[in-house]
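Survey of secondary and tertiary structure
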Amino acid sequence: ITSAGFENIRTAIYDPSSLNAMESCNHTCWVDCVEGYVHGITPRQRRNRNLYKLLSTRHLDGSNARHLKAELGEEKFTIKLVPKVLHCIK
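A brief look at the structure comes next. Since this is a predicted model, take the numbers as computed values, not measurements.

**Some words on the packing of helix α3 (residues 43-61) against helix α4 (residues 64-72)**
The description of two helices packed together rests on the angle between their axes and the distance between the axes. Interaxial distance between α3 and α4 falls to 8 Å at its minimum, and their mutual angle equals 125 degrees. Comparing the axis directions of α3 and α4 gives the class oblique. Seen from α3, the contacting residues are L55, R58 and H59; seen from α4, they are N64, H67 and E71. Considering only residue class, the contact of α3 with α4 consists of one nonpolar, three polar and two charged.

Pasting the structure below:
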């Protein structure tokens, strides 16, 4: 596989560009050659793990609030969506 092909595979299984992109990733596929990819977990566990990784990375950057506002909107009811987003990870 070329480096471009490998990058396309990586993006198909983990795309941290947005919550929607992350949700659209293939969580059923297991790729042996991707570092940190865990074998033997369910697609839901893999999805939750990927969402946790995304939000944890954003937290370290101090950018969760900015990203959530951009992805969920800046309406007054947006803050009510955050617990639902976090519940997906449990």
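**Thoughts on the side chain of N50**
Among the secondary structure elements, N50 is positioned in helix α3. Classification of N50 by relative accessible area gives buried; the value is 7%. Beyond its immediate stretch of four places on either side in the chain, N50 contacts I13, Y14, M22 and H27.

**Considering α3**
The end-to-end C-alpha distance of α3, which contains 19 residues, comes to 27 Å, matching closely the 27 Å that a straight helix rising 1.5 Å per residue would cover. Along α3, the residues that are buried comprise R46, R47, N48, N50, L51, L54, L55 and R58. G62 sits one or two positions beyond α3 and adopts a positive phi of about 70 degrees.

**So, the pattern of salt bridges**
According to the stated counting rule, one finds two salt bridges in the structure shown. With its nearest N and O atoms 2.8 Å apart, the salt bridge here joins R47 to E23. Residue R47 is located in helix α3, and its partner E23 is located in helix α2 (residues 19-24); the two are separated by 24 residues in the primary sequence. Note that R58 is salt-bridged to E71, the shortest N-O span being 2.6 Å.

**Regarding the nonpolar core**
Grouped together as the largest cluster of nonpolar side chains are nine residues: Y14, L19, M22, L51, L54, L55, L68, V82 and V85. If you list the elements that add at least two residues to this core, you get α2, α3 and α5 (82-87). Element by element, the count of residues in this core is highest for α3, at three residues.

Cut-offs and rules
- Residues numbered from 1 in each chain as written.
- Predicted model: local features only at pLDDT ≥ 70, side-chain atom pairs only at ≥ 80, totals over all residues.
- Heavy atoms only, no water.
- Axes fitted to C-alpha atoms, helices over the stretch in contact; angles between N-to-C directions.
- Helix = DSSP H or I, 4+ residues; strand = E, 2+ residues; numbered from the N terminus.
- Parallel < 35°, antiparallel > 145°, perpendicular 65-115°, else oblique.
- Contact = heavy atoms within 4.5 Å.
- Nonpolar A, V, L, I, M, F, W, Y, C, P; charged D, E, K, R; others polar.
- Buried < 20%, exposed > 50% of the residue type's maximum accessible area, 1.4 Å probe, protein only.
- Expected span 1.5 Å × (residues − 1).
- Salt bridge = Lys/Arg side-chain N within 4 Å of Asp/Glu carboxyl O.
- Core = buried A, V, L, I, M, F, W, Y, C linked by side-chain atoms within 4.5 Å.

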